[in-house]
Amino acid sequence: MSKIVILGAGISGHVAASHLRRKLAKKHQVVVVSPNSNYQWIPSNIWVGIGKMKSEKIRFPLAPLYKKKGIEFKQAKAISFFPEGDKTEQKPYVLAEYVTEENKGKQEKVTYDYLINATGPKLNFEATEGLTPGKNKTYSVCTYTHADYAWEGLNTLIQEMKQGKKAKILIGTGHAKSTCQGAAFEYILNVEQELHKHHVRDMAEITWIANEHQLGDFGMDGMLLSYGSMTMKSNEMVEMIFEDRDIKWIIGAGVNKIEDGLAYYETLGGEYKTETYDFAMLIPAFAGHGFKAFDKNENDITEKLFKGFMIVDADYTPKPYEEWSVKDWPETYQNPNYKNIFAPGIAFAPPHAISKPRKSKNGTDISPSPPRTGMPSGITAKLVADNIIDSIKNGKDSLHHKGSLGNMGAACIASAGYGMMTGSGVSITTYPIVPDYEKYPKTQGRKLGKTFGEIGLAGHWLKLALHHAFIYKAKMRPFWWLIPE
Amino acid sequence: MTQRISKYQRFKMMNPIIQFFKFIYLSIKIMIIVAGGHGGTRKVD
Ligand SMILES: Cc1cc2nc3c(=O)[nH]c(=O)nc-3n(C[C@H](O)[C@H](O)[C@H](O)COP(=O)(O)OP(=O)(O)OC[C@H]3O[C@@H](n4cnc5c(N)ncnc54)[C@H](O)[C@@H]3O)c2cc1C
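Thresholds, definitions, all that
- Residues numbered from 1 in each chain as written.
- Chains lettered and ligands numbered in written order.
- Predicted model: local features only at pLDDT ≥ 70, side-chain atom pairs only at ≥ 80, totals over all residues.
- Heavy atoms only, no water.
- Helix = DSSP H or I, 4+ residues; strand = E, 2+ residues; numbered from the N terminus.
- Rg over C-alpha atoms; globule rule 2.2 N^0.38 Å.
- Contact = heavy atoms within 4.5 Å.
- Phe/Tyr/Trp six-rings, centres within 6.5 Å; stacked < 30°, edge-to-face > 60°.
- Lys NZ or Arg CZ within 6 Å of the ring centre and 35° of its normal.
- pLDDT = per-residue confidence, 0-100.
- Disulfide = S-S within 2.5 Å.
- Buried < 20%, exposed > 50% of the residue type's maximum accessible area, 1.4 Å probe, protein only.
- Buried area = accessible area lost by both parts, 1.4 Å probe.
- Salt bridge = Lys/Arg side-chain N within 4 Å of Asp/Glu carboxyl O.
- Polar contact = N/O pair within 3.5 Å; in protein donor to acceptor, adjacent residues only side chain to side chain.
- Pairing = 2+ DSSP bridges.
- Expected span 1.5 Å × (residues − 1).
- Lys, Arg positive; Asp, Glu negative; His and termini not counted.
- Axes fitted to C-alpha atoms, helices over the stretch in contact; angles between N-to-C directions.
- Left-handed = near helix turned anticlockwise from the far one by under 90°.
- Nonpolar A, V, L, I, M, F, W, Y, C, P; charged D, E, K, R; others polar.
- Patch = residues over 30% accessible without salt bridge, like charges linked within 9 Å, V, L, I, M, F, W, Y side chains within 5 Å.
- Areas by Shrake-Rupley, 256 points an atom, 1.4 Å probe, with all protein chains shown as cover.

### Side note on the overall build of chain A
Within chain A, the regular secondary structure consists of 9 helices and 28 strands. The C-alpha atoms of chain A give 22 Å as radius of gyration, which agrees with the globular expectation for 485 residues (23 Å, within 12%). Here the C-alpha coordinates of chain A stretch approximately 65 × 50 × 45 Å along the principal axes. Sequence-distant contacts, at least 24 apart, represent 68% of the contacts inside chain A between residues at least 6 apart.

In structure tokens, the structure reads:
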């Protein structure tokens, strides 16, 4: 009998847990440890943040589903890792602390045979002074609670604009090293369209602020894509959309401090500037959770497991941008020091960024960290689960399933406005996610036919279809496993 | 404001009939790219 413990029940943790449970005999134990009682389909938070979807529609409680499916659920958060056990516990374990009312603060050694760390990112709001969701007129859409607040704030401003107030809206990244530009891009387009619907668009100045050196970088070093019969750069495509919608932009900007209605930022050119606003949605920096690890004698071995995020089979040798290769990126998400520990999704430490690193004239790093979107999070979680399943079934370690972001495609369907007949979406598909400049030297590291962009109503339908399909899949309804990650 | 998307382009982008076919086309194309497999990059098995 094997016991597999999964930390986190987000996209990657839940995908791993559901596949493990489906494919492994009941004698094997699948345990999920996660502090949130709900599963949430994060991509639809964009619509919660413009009041078009209630947050109840994007989440559901995990405990009843896990009970029904035979997955053990501990509503707790992992605190520290003991991959060799300790003086009194022979088996490797994770120290977890319960967060529910009745057990609050109670700690438990959760032993395992295999451990999947799928804890995603820590939303590091503290890295930017004054950036707290709901304070200083800044908001976030990174969780459903944040998105609910964002809609409250935006709705209040819309009502004021209806009374004649002129307003400034600022959307983008809230730190010089933030990632997830795609989510902010979706949100700015949705907000812009909502203002039209409320007949207050002409009362607002909308500005994009981001750490990208060029529009459309998205932390992916930009891309060359097919658009209709043309080949276009992603910066040209985003510029076209922003100009068409009268959205201004500030790029190469590292936001470093927020005061009430005032964002301080440094530019790549080395200038220190400010921007005023009445409503802002700024994506924070992402960080690891600050977990500690100890050996059986309780010596600190954190550096064997973590480098901010979890160390996996990537090549972490520091090297200049020109020497980066797709081969640096992990394939199995296995920790090299403890082979029964894996980290799919956002939880793994990337070898380096994808976008070219840039410094301001004052030496401040201002460039996006590498994004890891939902699709690769799901795919990497499934391949980790498949390798564990094979290892258990064959009785020996198996790593046949591989999936490097340098050999994997991803679709990013960015909502550009909600509405069955008036909605819009910008569908961008890239292959591979991490550019392979050796294979595709003339097309910015990506395969042209498979890297394409589309704008229009179909994109909105697609995003809505994905919302329903992935919630169906997450609820493990009949034949859920036929829906790909 | 600079009109960067022409009226005709906008018509095509928002016409439900054209977009219905685009929806089918995009769904299949995305499925092929994303579900079309993935693998390592370091050595060919
Ligand atoms: C607003 C927004 C919109 C997005 N839109 C898209 C999109 O359209 N398409 C797309 O592909 N991607 C999108 N993404 C990205 C996508 O949501 C992420 O790639 C995905 O959620 C990553 O999955 P994950 O499981 O690695 O991390 P998460 O989904 O963040 O899950 C982490 C889990 O770990 C749990 N956890 C945290 N700390 C602990 C702890 N100490 N112990 C145990 N558990 C813990 C959390 O509660 C959570 O359940 C979007 C992201 C945002 C923020």
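### Brief notes about the overall build of chain B
Within chain B one finds 2 helices and 0 strands. Along the first, second and third principal axes, the C-alpha set of chain B runs to 50 × 25 × 10 Å.

### A few points about the packing of aromatic side chains
Residues and elements named next belong to chain A. Under the counting rule described, the total for this entry stands at 19 aromatic pairs over all chains. In this structure an aromatic cluster arises from ring pairing among Phe185, Trp208, Phe218, Phe242 and Trp249. Above the face of the Trp481 ring, Arg22 is positioned so that its terminal group lies 4.2 Å from the ring centre.

### Regarding the confidence of the model for chain B
On average, residues of chain B carry a pLDDT of 85, and 93% of them reach 70 or more. Scored as a complex, the prediction yields pTM 0.95 and ipTM 0.92.

### Remarks on the state of the cysteines
All names here are of chain A. Counted according to the given criterion, the structure contains 0 disulfides over all chains. The thiol of Cys142 is not disulfide-bonded; the next cysteine sulfur, from Cys180, is found 6.1 Å away. No disulfide involves Cys412; its sulfur sits 8.8 Å from the nearest other cysteine sulfur, which is in Cys180. According to the relative accessible area criterion, Cys412 is partly exposed, its value standing at 32%.

### Things to note about the interface of chain B and chain A
The interface is formed by 28 residues belonging to chain B together with 47 residues belonging to chain A. Here chain B and chain A share an interface that buries about 3,200 Å² over both sides, 62% of which is from carbon and sulfur atoms. For chain B, the biggest contributors to the area lost against chain A are Arg4, Ile33 and Arg42 of chain B; these three give 22% of the whole. Where chain B packs against chain A, one counts 4 salt bridges. In this structure, the salt-bridge partner of Glu243 of chain A is Arg4 of chain B, at a minimum N-O distance of 2.9 Å. At the boundary of chain B with chain A, the tally comes to 18 residue pairs in polar contact (both at pLDDT 80 or more). Taken together, the elements giving at least two residues each to the side of chain B that touches chain A come down to α1 (7–14) and α2 (16–34) of chain B. For the side of chain B that touches chain A, the element with the most residues is α2 of chain B, which contributes 12 residues.

### Side note on the pairing of strand β20 (residues 279–283) of chain A
All names here are of chain A. Across the 5 residues that make up β20, a large majority, 5, are buried. Taking every second residue as pointing to the same face, both faces of β20 are buried, with Phe279, Met281 and Ile283 on one and Ala280 and Leu282 on the other. Relative to β20, strand β11 (residues 138–139) runs parallel, the two sharing 2 bridges. Note that in β20 the partner of Tyr139 across the bridge is Met281.

### Topic: helix α8 (residues 374–394) of chain A
Residues three or four positions apart in an α-helix share a direction because the helix packs 3.6 residues into each turn. Residue and element names in this part refer to chain A. Helix length check: α8 (21 residues) gives 30 Å between terminal C-alpha atoms against 30 Å at 1.5 Å per residue, within 8%. Within α8, 16 of the 21 residues are buried, which leaves the element mostly enclosed by the surrounding structure. Once α8 finishes, Gly395 follows within two positions and takes phi at roughly 75°, a positive value.

### Overview of the pairing of strand β14 (residues 224–227) of chain A
Residues and elements named next belong to chain A. Burial of the side chains of β14 extends over both faces: Leu224 and Ser226 are buried on one face and Leu225 and Tyr227 on the other. Here β14 runs beside strand β15 (residues 230–233); their pairing, made up of 4 bridges, is antiparallel. Across the sheet, Leu225 pairs through a bridge with Met232, a residue of β15. Connecting β14 to the antiparallel partner β15 that follows it, the hairpin turn spans 2 residues, and Gly228 within it adopts a positive phi of roughly 60°.

### Some points on the environment of Tyr321 of chain A
Residue and element names in this part refer to chain A. In this fold, Tyr321 is placed in the loop between β24 (309–310) and β25 (341–342). Since its relative accessible area comes to 23%, Tyr321 is described here as partly exposed. Setting aside anything within four residues of it in sequence, one finds Tyr321 in contact with Asp221, Ile354, Ser355, Lys356, Pro357 and Tyr437. Within the structure, the side chain of Tyr321 is placed 2.5 Å from the side chain of Asp221, a separation counted as a polar contact.

### A few points about the side chain of Asp436 of chain A
Residues and elements named next belong to chain A. With respect to the element layout, Asp436 can be found in the loop between β27 (424–430) and β28 (452–456). The side chain of Asp436 is buried and forms no salt bridge, while Lys439, the nearest opposite charge, is found at 4.8 Å. Those residues within four positions of Asp436 in sequence are excluded, and the remaining contacts are Val326 and Gly445.

### Quick word on the pattern of salt bridges
All names here are of chain A. This model, assessed by the stated rule, comprises 30 salt bridges over all chains. In this structure, the salt-bridge partner of Glu259 is Lys257, at a minimum N-O distance of 3.3 Å. Because the salt bridges share partners, they merge into one network encompassing Lys23, Lys382 and Asp386.

### With respect to the packing of helix α1 (residues 11–23) of chain A against α8 of chain A
All names here are of chain A. Close contact between α1 and α8 brings their axes to 8 Å; oriented N to C, the two are set at 35°. As for how α1 packs across α8, the hand of that crossing is right-handed. Residues Ile11, Ser12, Val15, Ala16, His19, Leu20 and Lys23 of α1 form the contact with α8, whose own contacting residues are Gly374, Ser377, Gly378, Ala381, Lys382, Ala385, Asp386, Ile388, Ile389 and Lys393. In the contact of α1 with α8, the residues fall into 8 nonpolar, 5 polar and 4 charged.

### Some points on the sheet that holds strand β17 (residues 253–259) of chain A
All names here are of chain A. Strand order in the open sheet formed by 3 strands is β17-β18-β19, with antiparallel pairing between adjacent strands. Two strands in the sheet have a free side with no partner beyond their single neighbour: β17 and β19 (272–276). The average angle at which neighbouring strand axes cross in this sheet is 30°, direction not considered. Where strand β18 (residues 262–267) lies against β19, 5 bridges are found, and the strand directions are antiparallel. Within β19, the position partnered with Leu262 by the bridge is Thr276.

### Notes on a nonpolar patch on the surface
A cluster of nonpolar side chains, namely Ile17, Phe20, Phe21, Ile24, Ile28 and Ile32 of chain B, defines an oily patch on the protein surface of about 620 Å² accessible area. Take Ile28 of chain B: it is sitting in helix α2.

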